[in-house]
There are 2 protein chains.
Amino acid sequence: MGIVAGNVAGERPLDEAKNVTERELFRVSTQLFKEKGYRGTSMRDISAALVIKTSSIYHYINSKEELLKKIALKGMNMLLDAGKRISAEQISPAEKLQKLVESHTKLICENLDLFTVTLRELTPSNAASFWEEIVDHRDQYEKIVRGIISEGKKLGAFREIDERMAGFALLGMINWIIRWYNPGGSKSPAEIAALWFEIFIGGIKRAPADK
Amino acid sequence: MGIVAGNVAGERPLDEAKNVTERELFRVSTQLFKEKGYRGTSMRDISAALVIKTSSIYHYINSKEELLKKIALKGMNMLLDAGKRISAEQISPAEKLQKLVESHTKLICENLDLFTVTLRELTPSNAASFWEEIVDHRDQYEKIVRGIISEGKKLGAFREIDERMAGFALLGMINWIIRWYNPGGSKSPAEIAALWFEIFIGGIKRAPADK
């Protein structure tokens, strides 16, 4: 209560209206980029879905590419924020991995449109003007994953495995979820995350015989 | 020697010329779909890269969508042919999985343009007119993967794991390779496949204590 300024009657009605339209613009364009592809969606498609004039969209953003950038950075920052928080916790590397797999899986499943666009439509050619920023965010997240695996190796919990490669294997398992996940399906995000962690940790932990 | 008809001087020169152009059309469009995206590539881009008239392309194919279909089905049939062959071999389920991971990884790494298009540009909206055929091929391959895991469970080699979910985890690890693989990088396809198999089999095999 009271967190959203517009909740107080009469306060900042214009900003509130602007925020609602911006949120709707973001939601609708994410959905259209997922359904028709980024290249297959025109500003006209977006304005038609919002029932506003195409020219009105330019009050909120400068270009379709800016929309893709906002969507992608939102998705990547959600992952990064959770990753940074988890890797700083005072828990074992295996527990960190478990939490990271859970957080990443839930974020994808609960924001399926957003992450389908972020993981499928975000190609070097679609995101040419801000590709460096994307690579920087991706590198930061990959570094967090590798850091946890590396920590587990040092502590003797994980076997001697290339953390860069193991990180790619784990991120592939999780990111591929956008290709088959059905929100109405029989598996919950928590169940998927638990199974993914079980498979991955079983594959990288030091076997009792190795100790 | 003698396998390619055109090797024999004067034999089928017209067909040979047509075959060369068709192969080039296929190669160039695959590369452009990867670099600029399927939607971002026009027939004009393709004809310019081939240094032929745009109208000439229509001697070989009817539409850009037909090109995407040919590329996608080629990739999927390469996977399927190998998958069918491997699953019919008289070897253990673990050996079948190892061979399948190796075959799938090598096919992706050695045909990176083809599989980047097949795995990234092949969306329900880009492939609307032949989506059912794509789903049918995908389902056949997933069934092979699940069948091997199921066989391993029955024989007691793998633990009680949901073969559908485990299959998604494995295919995610492998298919995600298109996102980071660098043909000039330090890891060979065989090394990647060996590591992927090691991680996955470590995660699904029955632990000695379970026996």
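Rules of the game
Residues numbered from 1 in each chain as written. Chains lettered and ligands numbered in written order. Predicted model: local features only at pLDDT ≥ 70, side-chain atom pairs only at ≥ 80, totals over all residues. Heavy atoms only, no water. Least-squares fit on C-alpha atoms with pLDDT ≥ 70 in both. Contact = heavy atoms within 4.5 Å. Domains from an automatic or database assignment. Buried area = accessible area lost by both parts, 1.4 Å probe. Salt bridge = Lys/Arg side-chain N within 4 Å of Asp/Glu carboxyl O. Helix = DSSP H or I, 4+ residues; strand = E, 2+ residues; numbered from the N terminus. pLDDT = per-residue confidence, 0-100. Axes fitted to C-alpha atoms, helices over the stretch in contact; angles between N-to-C directions. Parallel < 35°, antiparallel > 145°, perpendicular 65-115°, else oblique. Left-handed = near helix turned anticlockwise from the far one by under 90°. Nonpolar A, V, L, I, M, F, W, Y, C, P; charged D, E, K, R; others polar. Buried < 20%, exposed > 50% of the residue type's maximum accessible area, 1.4 Å probe, protein only. Polar contact = N/O pair within 3.5 Å; in protein donor to acceptor, adjacent residues only side chain to side chain.

### Considering the relation of the copies chain A and chain B
Once turned by 180° and shifted 0.0 Å along the axis, chain A lies on chain B with an RMSD of 0.0 Å. Seen this way, the second copy is the image of the first under a two-fold rotation axis. A high fraction, 100%, of the interface residues of chain A reappear at the interface in chain B, so the copies pair face to face through one surface.

### Quick notes on the domain arrangement of chain A
All names here are of chain A. The assigned domain composition of chain A is domain 1 (11–61) and domain 2 (64–210). If you average the C-alpha positions of domain 1 and of domain 2, the two centres end up 29 Å apart. At the interface, 15 residues of domain 1 touch 17 residues of domain 2. Together, the buried faces of domain 1 and domain 2 total about 1600 Å²; carbon and sulfur atoms form 66% of this surface. Per-residue buried area on domain 1 facing domain 2 is highest for Phe 26, Lys 34 and Tyr 38; these three make up 44% of the total on that side. The interface formed by domain 1 and domain 2 includes one salt bridge. We note a salt bridge from Lys 34 to Asp 113, for which the minimum N-O separation is 3.5 Å. Contributing elements (two or more residues each) for the side of domain 1 that touches domain 2: helix 1 (13–36) and helix 2 (43–50). With seven residues, the single largest contributor to the side of domain 1 that touches domain 2 is helix 1.

### Side note on the confidence of the model for chain A
In this model, chain A carries an average pLDDT of 91, and 90% of its residues clear a pLDDT of 70 or more. In the model, residues 1–12 of chain A has pLDDT below 50 throughout and makes six contacts with residues more than four positions away in sequence or in other chains.

### Overview of the packing of helix 4 (residues 64–87) of chain B against helix 5 (residues 93–110) of chain B
Residues and elements named next belong to chain B. Where helix 4 meets helix 5, the axes come as close as 10 Å, and the angle between the chain directions of the two elements is 165°. Between helix 4 and helix 5, the angle is such that the two are roughly antiparallel. In the crossing of helix 4 with helix 5, the sense of the turn from one axis to the other is right-handed. Contacts between helix 4 and helix 5 involve Met 78, Leu 79, Ala 82, Gly 83, Ile 86 and Ser 87 from the former and Lys 96, Lys 99, Leu 100, Ser 103, His 104 and Leu 107 from the latter. Residues that form the contact of helix 4 with helix 5 fall into these classes: six nonpolar, four polar and two charged.

### Description of the pattern of salt bridges
Residues and elements named next belong to chain A. A full pass over the atoms with the stated rule returns 29 salt bridges over all chains. A salt bridge links Glu 142 to Arg 138; its shortest N-O distance comes to 3.9 Å. Of this pair, Glu 142 and Arg 138 both sit in helix 7 (residues 131–154), separated by four residues, roughly a single helical turn. Classification of Arg 138 by relative accessible area gives partly exposed; the value is 33%. One salt-bridge network, held together by shared partners, links Arg 138, Asp 139, Glu 142 and Arg 146.

### Some remarks on the side chain of A:Asn126
All names here are of chain A. Tracing the backbone shows Asn 126 in the loop between helix 6 (112–121) and helix 7. Its relative accessible area of 7% is what places Asn 126 among the buried residues. Side-chain polar atoms of Asn 126 contact the side chain of Arg 39, separated by 2.7 Å. At 2.8 Å, the side chain of Asn 126 and the backbone oxygen of Glu 121 are in polar contact. In contact with Asn 126, not counting residues within four places along its chain, are Tyr 38, Arg 39, Glu 65, Leu 68 and Glu 121.

### Some words on the interface of chain A and chain B
Accessible area lost on assembly of the parts is the figure often given for the size of an interface. Listed by partner, the interface residues are 33 residues for chain A and 33 residues for chain B. Three residues, A:Met165, A:Trp176 and A:Ile199, lead the burial of chain A against chain B; their summed loss comes to 22% of the area buried on that side. In this structure, the connection of chain A to chain B is made through four salt bridges. Summed over the shared surface of chain A and chain B, the result is eight residue pairs in polar contact (both at pLDDT 80 or more). If you tally residues by element for the side of chain A that touches chain B, the top one is helix 9 (residues 189–204) of chain A, at nine residues.

### Side note on the side chain of B:Lys64
Residue position: B:Lys64 is located in helix 4. At 2.7 Å, the side chain of B:Lys64 forms a polar contact with the backbone oxygen of B:Tyr38.

### So, the environment of A:Ile174
All names here are of chain A. With respect to the element layout, Ile 174 can be found in helix 8 (residues 163–175). Residue classification places Ile 174 among the buried residues on the basis of a relative accessible area of 0%. Spatially, the C-alpha atom of Ile 174 lies 9.8 Å from that of Phe 197, the residues being 23 residues apart in sequence. Not counting residues within four places of it along the chain, the set of residues in contact with Ile 174 comprises Val 101, His 104, Thr 105, Ile 108 and Trp 196.

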